[in-house]
Amino acid sequence: MTNSPPVGTSHELFKAERKKQRNRWADFLNRLGGFRDHVAPGEFGRLYKQVSPFSMMSHPRLKGIFRGVQDVIRRKVKGDLVECGTARGGCAALMGLTCRQIQTSRKIWVYDTFEGLPAPSQEDPDFDLAKSFEGDCRGDYDEVRRLFEKFQILDDVQMVKGLFQNTLPCSEIQQIALLHLDGDWHDSTWVCLEQLYDKVSSGGVIQIDDYGHWAGARKALHEFFDQRNIQVDLKYLDYTGRQFIKP
Ligand SMILES: C[S@@+](CC[C@H](N)C(=O)[O-])C[C@H]1O[C@@H](n2cnc3c(N)ncnc32)[C@H](O)[C@@H]1O
């Protein structure tokens, strides 16, 4: 599958229409899954109830992380679990609780300013809207730490405070099994890809939270794919979440 947006040939328009229909079907199944987890929570539903008050992510995107963690562990993909953009810690907590549920442990790295979103840049096509979100999504470092403590996963977690642009270039991460990109803006997404993509094991899982919501995050991902000539199947999670396996 190509990663470029469709152009106007009838075959490509047909493929784009088919994709829309598949996505609508996925949205319907997501609603069903959310309802089922609400009335009769299964393995994921129980964890979802615990972490969702501390996450801005939707049910399908958190489920993507849950399944991604299970998947890399089942396939014995080597490396740590990394989240860039943690805010109040719910998704990172889910990573830890998922490991515990399957009686294993992986090191979890969480990166954030813990001071809210930095300013977007002119690389963000929706800059005018994006700039009004500067400082939003703030997770307080000590509160997030206490959340990890409450869930008894703190020993596995390494919290790194600061701008990705400053912290990632000197990161001690050696190898990554699952990478969650949730930094909203173009430059935040770009620096994560530039600094961390090569550390993701082949067969590792990469999830991006803002593909559909923020044009800058989508733009950074496609620029990176184009620069490296990377061809992947982007799995649709919901209107904004996508996941892929590193070739
Ligand atoms: C949408 S929130 C993350 C949501 C979180 N994953 C959850 O489960 O609720 C985006 C986070 O990315 C962080 N962020 C964005 N760009 C950043 C950058 N360049 N450096 C550090 N943190 C950044 C913000 O501080 C914010 O907490």
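Whatever comes next refers back to the structure up there.
Description of the structure in this document.

Here's the deal with the overall build of the protein chain
Here comes step 1: A count of helices and strands for the protein chain gives 9 helices and 7 strands.
Here comes step 2: Taken over the C-alpha atoms alone, the protein chain extends approximately 55 × 45 × 35 Å along its principal axes.
Here comes step 3: Across the 247 residues of the protein chain, 40% fall into the buried class.
Here comes step 4: Put simply, of all contacts in the protein chain between residues at least 6 apart along the chain, 77% involve residues at least 24 apart.

Considerations on the site of the ligand
Here comes step 1: Surveying the vicinity of the ligand reveals 24 residues, the closest of which are S55, G85, A87, C91 and S188.
Here comes step 2: Secondary-structure elements contributing two or more residues to the shell around the ligand are α4 (90–101) and α7 (164–167).

Digging into the nonpolar core
Most often, soluble globular proteins have nonpolar side chains that are buried together.
Here comes step 1: One finds L62, V69, A93, L94, M95, L178 and L179 to be the most contacted residues of the largest nonpolar core, which totals 55 residues.
Here comes step 2: Residues in contact with L62, not counting those within four places in the same chain, are Y48, V51, S52, S55, M57, C91 and L94.

With respect to the packing of helix α2 (residues 43–51) against α4
Here comes step 1: The geometry of α2 relative to α4 is characterised by a closest axis approach of 10 Å and an angle of 140° between their N-to-C directions. The interaxial crossing formed by α2 with α4 has right-handed handedness. Of the residues in α4, those touching α2 at E43, L47, Q50 and V51 are G90, A93, L94, L97, T98 and Q101.

Quick notes on helix α8 (residues 186–196)
Here comes step 1: Along α8, 9 of the 11 residues are buried, which leaves the element largely enclosed by surrounding structure.
Here comes step 2: Packed against the buried residues of α8 are β1 (80–84), α7, β4 (176–181), β5 (200–208) and α9 (215–228).

Some points on the pairing of β1
Here comes step 1: Where burial is concerned, most of β1 is hidden: 4 out of the 5 residues are buried.
Here comes step 2: The pairing of β1 with β4 spans 5 bridges and is classified as parallel. Each residue of the ladder has a partner; that of V82, found in β4, is L179.
Here comes step 3: Pairing of β1 with strand β2 (residues 108–112), which is carried by 4 bridges, proceeds in the parallel orientation. By the bridge assignment, L81 is partnered in β2 with I108.
Here comes step 4: Note that the unit made of β1, α4 and β2 has a crossover that is right-handed.

A short note on the sheet that holds strand β7 (residues 242–245)
Here comes step 1: The 7 strands lie next to each other as β3-β2-β1-β4-β5-β7-β6, forming an open sheet whose pairing is mixed. Among the strands making up the open sheet, the edge pair consists of β3 (157–161) and β6 (235–236).

Digging into the environment of P169
Here comes step 1: With respect to the helices, strands and loops of the structure, P169 is situated in the loop between α7 and β4.
Here comes step 2: Its 10 C-beta neighbours within 10 Å are what place P169 among the exposed residues.
Here comes step 3: A sequence separation of 137 residues divides P169 from L32, and the C-alpha atoms of the two residues are 42 Å apart.

What about unusual backbone geometry?
Here comes step 1: A positive phi angle, close to 50°, is found at A87, a residue other than glycine.
Here comes step 2: By the element assignment, A87 lies in the loop between β1 and α4.
Here comes step 3: Despite not being glycine, Q103 shows a phi value in the positive range, around 55°.
Here comes step 4: Tracing the backbone shows Q103 in the loop between α4 and β2.
Here comes step 5: Take Q103: there are 7 C-beta atoms within 10 Å of it, and that puts it in the exposed class.

Side note on the environment of A26
Here comes step 1: Mapped onto the fold, A26 is located in helix α1 (residues 10–39).
Here comes step 2: The partly exposed category is assigned to A26, around which 16 C-beta atoms lie within 10 Å.

Some details on the environment of D27
Here comes step 1: Within the fold, D27 resides in helix α1.
Here comes step 2: Residue classification places D27 among the partly exposed positions, given that 14 C-beta atoms sit within 10 Å.
Here comes step 3: Sequence spacing of D27 and Y239 is 212 residues, and the spatial spacing of their C-alpha atoms is 8.1 Å.

What about helix α6 (residues 141–150)?
Here comes step 1: For α6, the set of buried residues is V144, L147 and F148. When α6 is viewed along its axis, its buried side chains cluster within an angular range of 95° and face the same direction. Set apart from the buried face of α6 by more than 90 degrees, the exposed residues are D142, E149 and K150.
Here comes step 2: Tucked inside the fold, the buried residues of α6 contact α4 and β3.
Here comes step 3: Following α6 by one or two positions, Q152 adopts a phi angle in the positive range, close to 55°.

About the cut-offs
- Residues numbered from 1 in each chain as written.
- Predicted model: local features only at pLDDT ≥ 70, side-chain atom pairs only at ≥ 80, totals over all residues.
- Helix = DSSP H or I, 4+ residues; strand = E, 2+ residues; numbered from the N terminus.
- Buried ≥ 20, exposed ≤ 12 C-beta atoms within 10 Å, placed from the backbone.
- Contact = placed C-beta atoms within 7 Å.
- Near = placed C-beta within 6 Å.
- Core = buried A, V, L, I, M, F, W, Y, C linked by C-beta atoms within 7 Å.
- Axes fitted to C-alpha atoms, helices over the stretch in contact; angles between N-to-C directions.
- Left-handed = near helix turned anticlockwise from the far one by under 90°.
- Pairing = 2+ DSSP bridges.
- Right-handed = clockwise from strand over helix to strand, strands pointing away.
- Arc of directions from axis to C-beta.

Function cannot be read off these values alone, since they describe shape.
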